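Residue-level structural notes
Each chain, written out:
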Amino acid sequence: MIKLQHVAMSYGGKELLSDMSLSLAPGSFHFLTGPSGAGKTTFLKLCYAELLPSTGQLTLFGKDALGMTRDDIAGIRQRIGVVHQDCQFLEHLSVEENVALPMTVSRRPVNAGELHELLGWVGLKHRREALPAQLSGGERQRAALARAIIMSPDVILADEPTGNLDWEMSLRLLSLLTELNRMGKTVVIATHDLNLIRQAKAQVSARVLRIANRRLQHAGADL
Amino acid sequence: MRAPLSLLKSERPGADRVVPPTGFTARLTLLTAAAMAFLAVFALALSLATGRLADRWADSLARSATIRISAPPDQMEAQVAAVLAVLKTTPGVASDRVLGNDEMKDLLKPWFGPDLPVDALPLPKLIAVTETNTGIDSEGLRLRLQAEAPGAVFDDHTRWRRPLVAAAERLRLLGLMSLVLIFGAMAGMITLAAQAALAANGQVIATLRLVGARDTFIARAFVRRFTLRGLAGAGLGVLLGMAAMAALPSANEAGGFLTGLGFSGWGWFWPLIIPPVAAIVAYGATRFAAARMLRRIR
Ligand SMILES: Nc1ncnc2c1ncn2[C@@H]1O[C@H](COP(=O)(O)OP(=O)(O)O)[C@@H](O)[C@H]1O
Ligand SMILES: [Mg+2]
């Protein structure tokens, strides 16, 4: 679904990621870890074509990312659910409307019953008419997750989804993601929270990828 | 034309709401369109009226001519008779008529007052000639008059008709140019307003792209807004402009050019094309601004 072959990425001449090769199999569960500033967010941005590799080949759903039109990119993003590190809501719309936004922009009808069910699943039913600014950090993360999965995407990319959450809420979010994985979704979670990774390994067969010294390492049982 | 029209169809409520209200720029667009449409009504009226005027002058003056005969009193009768004889055999003459003393008096009254002793003055004789549609061969007639009646001068009014018609046509051109400039200025101002709205919503547009919105979806949300504002504003401006035109003193003979500036008959329908044109201009301007803005966001 997402395939990198010798991909490098640099910002203004300074190389941040070097020679990365990876193929994300359908239904797999990956953690992406590494110190802050290692390039986890950058890696995920490559995966939803927010950025293009400086060198190497990036293939998204069988299509070369370099040859994609703007509409191709929009189409890719309708098939990949992203929980962004900073969430990025439309502040003038209610939580409910924000969660439904991917449906709205791809002109699909929103089933009110399914929307309520989804909001209930992430525990935001009672907050559905609130504005994003009125949400707590944990509520924002859960709203972002709901928005990422409303289109029933094949791939879910979550960038530090538990960054603002206490441990209990982190576990709750993790169980939502593992449940999605059991339903067959491919999941990638960027995090530097090793406790979270240990916890997840008890629930699903998760692989850990580590970015260190600009390289992608397939980490073993050293956690 | 199809694309702007499809914008008028109402969209599912959510699609328009994804872009927050663009209060100030939207009002600016409404105001600009109204002001420009108001001006466009007058520019249109000017070009229509001057067009009518040019036609009228060209037409009525082209068909009338004068022959002036200056001769010593004892030769006058003979020369007048000779001229009339020449006119009888000239192709293109519809009618001719020697102006009588009373008519001469009327013509001269504005200059010399009512008590002019016309009979005592050595005035030239005037013959008014009306041409048929085919017209008179002026040069041929002049040559024949020279031979038959040396005191006769043929004047087909081209000398002073031409500059008048040219002036009227120039005015019409200016009116049309004003229309082009007005719509150009409207396009410019709406582009700026749309650009301001788009720039103010850069974060919104980035978020929309992130959740998979196509460019057409995003552009449409803005284009629809500005097109409808342009249409509404221009409609308002045209209504005001037409009301102002209707309030002008009504056209009559004495008023001549100035009161002839209004619309007449079917002419009243012409301003109605201004709002659709304004809507198309707004559509194009916003599309242009949106395309430029979107290129900068992946
Ligand atoms: N748009 C950008 N332009 C230049 N440098 C950037 C840009 N985005 C990120 N960086 C730099 O790249 C490095 C990695 O950033 P990021 O991918 O966000 O790391 P992580 O998510 O692992 O903390 C940081 O040093 C950051 O300053
Ligand atoms: Mg990051």
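Being a predicted model, the structure only gives us computed values, none of them experimental.

**Structural notes on the overall build of chain B**
Each helix and strand counted, chain B has ten helices and four strands in total. Starting at the N terminus and ending at the C terminus, chain B contains elements arranged as α-α-α-β-α-β-α-β-α-β-α-α-α-α. In chain B, buried positions account for 42% of the 298 residues. Nonlocal contacts in chain B, meaning residues at least 24 apart in sequence, comprise 86% of its contacts between residues at least 6 apart. Here chain B displays about 16200 Å² of accessible surface, and carbon together with sulfur accounts for 65% of that area.

**Observations regarding helix α8 (residues 194–203) of chain A**
Residue and element names in this part refer to chain A. Restricting attention to buried positions, one finds in α8 the residues Leu196, Ile197 and Ala200. Axial view of α8: buried residues confined to an arc of 95 degrees, hence all on one face. Of the surrounding secondary structure, the elements contacted by the buried residues of α8 are β3 (29–33), α7 (167–182) and β9 (207–212).

**Some remarks on the coordination of the magnesium ion (ligand 2)**
All names here are of chain A. For the magnesium ion (ligand 2), the full set of protein donor atoms is Thr41 (OG1) and Gln85 (OE1), and the range of their distances to it is 1.9 to 2.5 Å. Highlighted residues: Thr41 in helix α1 (residues 40–47) and Gln85 in the loop between β6 (80–83) and α3 (95–99), separated in sequence by 44 residues. Assessed through its relative accessible area of 23%, Thr41 is described here as partly exposed.

**What to know about the site of ligand 1**
All names here are of chain A. In the vicinity of ligand 1, the contacting residues are Tyr11, Leu16, Pro35, Ser36, Gly37, Ala38, Gly39, Lys40, Thr41 and Thr42. The side chain of Thr41 places a nitrogen or oxygen atom 2.7 Å from an oxygen atom of ligand 1. Burial of ligand 1 by the surrounding chains reaches 55%, relative to a free accessible area of 560 Å². It is α1 that provides the largest number of residues to the shell around ligand 1, a total of three residues.

**Thoughts on the interface of chain A and chain B**
Across the boundary between the two partners, chain A contributes 24 residues, which contact 25 residues of chain B. Surface buried jointly by chain A and chain B totals about 2400 Å² across both partners, of which 50% is contributed by carbon and sulfur atoms. Our count for the chain A to chain B interface comes out at eleven residue pairs in polar contact (both at pLDDT 80 or more). Elements that contribute at least two residues to the side of chain A that touches chain B include exactly α2 (70–79) and α4 (101–105) of chain A. Of the residues forming the side of chain A that touches chain B, the biggest block, six residues, is contributed by α2 of chain A. In the side of chain A that touches chain B, the residues fall into eleven nonpolar, five polar and eight charged.

**Observations regarding the packing of aromatic side chains**
Residue and element names in this part refer to chain A. All told, the structure shown has two aromatic pairs over all chains when counted by the stated rule. Taking 5.4 Å as the distance between ring centres and 50 degrees as the angle between the ring planes, the aromatic pair formed by Phe29 and Phe31 counts as tilted. Of the two residues examined, Phe29 and Phe31, each falls in the buried class. Above the ring of Phe61, the side-chain terminus of Arg79 is found at 4.0 Å from the ring centroid.

**Section: the environment of Pro275 of chain B**
Residue and element names in this part refer to chain B. Summarising the element assignment, Pro275 is placed in helix α10 (residues 274–294). The spatial distance from the C-alpha of Pro275 to the C-alpha of Ala34 is 9.3 Å, given a sequence separation of 241 residues. Residues within four places of Pro275 in sequence aside, it is in contact with Leu231, Ala234, Gly235 and Val238.

**As for the sheet that holds strand β2 (residues 14–24) of chain A**
Residue and element names in this part refer to chain A. If you walk across this open sheet you meet the four strands as β2-β1-β4-β5, and the pairing is antiparallel. The outermost strands of the open sheet, each flanked by one partner alone, are β2 and β5 (63–64). Inspection of the sheet shows strand β1 (residues 2–11) paired to strand β4 (residues 55–60) by five bridges, in the antiparallel sense. Paired with Lys3 across the bridge in β4 is Thr59.

**What to know about the sheet that holds β9 of chain A**
Residue and element names in this part refer to chain A. With mixed pairing, six strands are arranged side by side in an open sheet as β6-β7-β8-β3-β9-β10. Edge positions in the sheet fall to β6 and β10 (215–219), since each of these pairs with one other strand and no more. On average, each strand axis in the sheet is inclined to that of its neighbour by 20 degrees, with strand direction left out of account. Note: strand β7 (residues 155–159) against strand β8 (residues 186–190), five bridges, orientation parallel. Across the sheet, Ala158 pairs through a bridge with Ile189, a residue of β8. Against the sheet, α1 makes contact with β3, β6, β7, β8, β9 and β10, and its axis sits at roughly 155 degrees relative to β7, the strand it touches most.

**Overview of the domain arrangement of chain B**
By the assigned domains, chain B splits into domain 1 (5–52 + 171–296) and domain 2 (71–150). Look at where the C-alpha atoms of domain 1 of chain B and domain 2 of chain B centre, and you get two points 58 Å apart.

**Observations regarding the UniProt feature "transmembrane region" (unreviewed entry) in chain B**
Residues and elements named next belong to chain B. The UniProt record annotates "transmembrane region" (unreviewed entry) at residues 28–49, 171–198, 230–248 and 268–290. Structurally, residues 171–198 comprises 100% helix and 0% strand, and the distance from its first C-alpha atom to its last is 40 Å. End C-alpha to end C-alpha, residues 230–248 measures 27 Å, and it is 89% helix and 0% strand.

About the cut-offs
- Residues numbered from 1 in each chain as written.
- Chains lettered and ligands numbered in written order.
- Predicted model: local features only at pLDDT ≥ 70, side-chain atom pairs only at ≥ 80, totals over all residues.
- Heavy atoms only, no water.
- Helix = DSSP H or I, 4+ residues; strand = E, 2+ residues; numbered from the N terminus.
- Buried < 20%, exposed > 50% of the residue type's maximum accessible area, 1.4 Å probe, protein only.
- Contact = heavy atoms within 4.5 Å.
- Areas by Shrake-Rupley, 256 points an atom, 1.4 Å probe, with all protein chains shown as cover.
- Arc of directions from axis to C-beta.
- Donors = N, O, S within 2.8 Å, 3.2 Å for Na, K, Ca; no water.
- Near = heavy atom within 4 Å.
- Polar contact = N/O pair within 3.5 Å; in protein donor to acceptor, adjacent residues only side chain to side chain.
- Buried area = accessible area lost by both parts, 1.4 Å probe.
- Nonpolar A, V, L, I, M, F, W, Y, C, P; charged D, E, K, R; others polar.
- Phe/Tyr/Trp six-rings, centres within 6.5 Å; stacked < 30°, edge-to-face > 60°.
- Lys NZ or Arg CZ within 6 Å of the ring centre and 35° of its normal.
- Pairing = 2+ DSSP bridges.
- Axes fitted to C-alpha atoms, helices over the stretch in contact; angles between N-to-C directions.
- Domains from an automatic or database assignment.
- UniProt positions renumbered as here; feature names shortened; annotations may be inferred.

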